[in-house]
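Given next are the chains, with one letter for each unit.
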Amino acid sequence: MNQRPSRVFFAVTMIGLGLIGLIQRDFPPIWTGVYKSLPAREVLVYLCAFVSLATGTGLLVPRTAAVAARALLIYLLSWLVLFRIPHVFLAPTVEATWWECGDTAVMAAAAWVLYAGFAGDQSSGDRGLRLARMSYGLGLIPFGIAHFTYLKETVADVPGWLPWHVAWAYVTGTAFIAAGLGVLSGVYARLAAVLSAWMMGLFTLLVWVPIVVAGPSAFQWTEFVNSWALTAAAWVVADSYS
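Parameters at a glance
- Residues numbered from 1 in each chain as written.
- Predicted model: local features only at pLDDT ≥ 70, side-chain atom pairs only at ≥ 80, totals over all residues.
- Heavy atoms only, no water.
- Helix = DSSP H or I, 4+ residues; strand = E, 2+ residues; numbered from the N terminus.
- Expected span 1.5 Å × (residues − 1).
- Bend = angle between axes of the 7 residues up to and from the residue.
- Salt bridge = Lys/Arg side-chain N within 4 Å of Asp/Glu carboxyl O.
- Buried < 20%, exposed > 50% of the residue type's maximum accessible area, 1.4 Å probe, protein only.
- Phe/Tyr/Trp six-rings, centres within 6.5 Å; stacked < 30°, edge-to-face > 60°.
- Lys NZ or Arg CZ within 6 Å of the ring centre and 35° of its normal.
- Core = buried A, V, L, I, M, F, W, Y, C linked by side-chain atoms within 4.5 Å.
- Contact = heavy atoms within 4.5 Å.
- Polar contact = N/O pair within 3.5 Å; in protein donor to acceptor, adjacent residues only side chain to side chain.

Caption draft 1: Main features of helix α3 (residues 65-90). Compared with the 38 Å implied by 1.5 Å per residue over 26 residues, the 37 Å span of α3 between its first and last C-alpha is a close match. For α3, the principal kink sits at V81 and spans about 35 degrees.

Right under this line is the structure:
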């Protein structure tokens, strides 16, 4: 596998998530959704950290990259089925339920893109890419909806030096939904993937980095890590069109 910068960045991000899990002794943002009452919850915390560290490191080594991509994809899809989708049935009217599904779907899409790169034949690789992009497109739509559902919070996050805060909230929310639909439909799909990755990256750089530098709250730190991880995943998916 050719080690493109997007893949290296994603691998390093996975390693970072693993280290955060070990340091905090809790689930980093991507691995949330586990009930406090779950038996052996602490064991699962360390398992998540190990998976992040092992797969991230494995993706950086050519001889283990295929195994690492496969393991990460299986793990992320399992997390989606076990800890995300059940919330859709238990709390379908809560926007956070769909946002969290989107988080995992976008991360799984990146792992799927990497896994598809190791397919034994062209048709299998193309099918894997289509599924990865579907996962990514579906994941983007809840992000856009959340901008409208949590309009007040979204407006508060717009940097103070930008004018028209409410307008930016509407524009970015609409852009996420449009990008998701574009990727799913294939209409300007590459442009949609690239622009959505840029938008996530700009959110991380312009919104969350200054907050982290200034001293974040626990919630703000979580949002920064989440935004960083999603940016890394989006870059991998966007890069799959080149």
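Caption draft 2: Up close: the pattern of salt bridges. Under the counting rule described, the total for this entry stands at three salt bridges. With its nearest N and O atoms 3.7 Å apart, the salt bridge here joins D26 to R41. Taken as a pair, D26 in the loop between α1 (5-24) and α2 (41-60) and R41 in helix α2 lie far apart in primary sequence, 15 residues in all. Residue classification places D26 among the partly exposed residues on the basis of a relative accessible area of 28%.

Caption draft 3: Quick peek at the packing of aromatic side chains. Here the structure, examined in full by the defined rule, presents 11 aromatic pairs. Between W99 and F143, the ring centres sit 4.6 Å apart and the planes meet at 50 degrees, which makes this aromatic pair tilted. In this pair, W99 is assigned in helix α4 (residues 95-116) and F143 in helix α5 (residues 122-149), connecting sequence segments 44 residues apart. Through a chain of ring-to-ring contacts, three or more aromatic side chains come together here, namely F9, W221, F224, W228 and W235. Between R133 and the ring centre of Y241, over which it is positioned, the NZ or CZ distance is 3.9 Å.

Caption draft 4: Fine view of the nonpolar core. Among the nonpolar cores identified, the biggest contains 59 residues, and F10, W31, W79, M107 and Y136 are the most heavily contacted of them. Of all the secondary structure elements, the ones that give two or more residues to this core are α1, α2, α3, α4, α5, α7 (165-185), α8 (189-214) and α9 (218-239). Sequence-distant contacts of M107, defined by excluding residues within four places in its chain, comprise F10, M14, I30, L76, A229, L230 and A233.

Caption draft 5: Fine view of unusual backbone geometry. Of note, the phi angle at A40 is positive, near 60 degrees, even though the residue is not glycine. Of note, A40 is situated in the loop between α1 and α2. A positive phi angle, near 55 degrees, is found at Y188, a position not held by glycine. Checked against the element boundaries, Y188 lands in the loop between α7 and α8. Of the residues examined, Y188 reaches a relative accessible area of 65% and is grouped as exposed.

Caption draft 6: Broad picture of the environment of V155. Mapped onto the elements, V155 comes out in helix α6 (residues 151-157). The contacts of V155, once residues within four sequence positions are left out, are H165, V166 and A169.

Caption draft 7: Spotlight on the side chain of T154. Secondary-structure assignment places T154 in helix α6. Among the polar contacts listed, one links the side chain of T154 to the backbone oxygen of Y150, at a separation of 2.9 Å.

Caption draft 8: Local environment of the side chain of T172. Residue position: T172 is located in helix α7. Given a relative accessible area of 9%, T172 falls into the buried group. Separated by 2.8 Å, the side chain of T172 and the backbone oxygen of W168 make a polar contact. Here the side chain of T172 touches A169 through a polar contact of 3.2 Å, landing on its backbone oxygen. The residues contacting T172, other than those within four sequence positions of it, are H147, M199 and F203.

Everything listed here is a matter of coordinates, which is why it stays silent on function.
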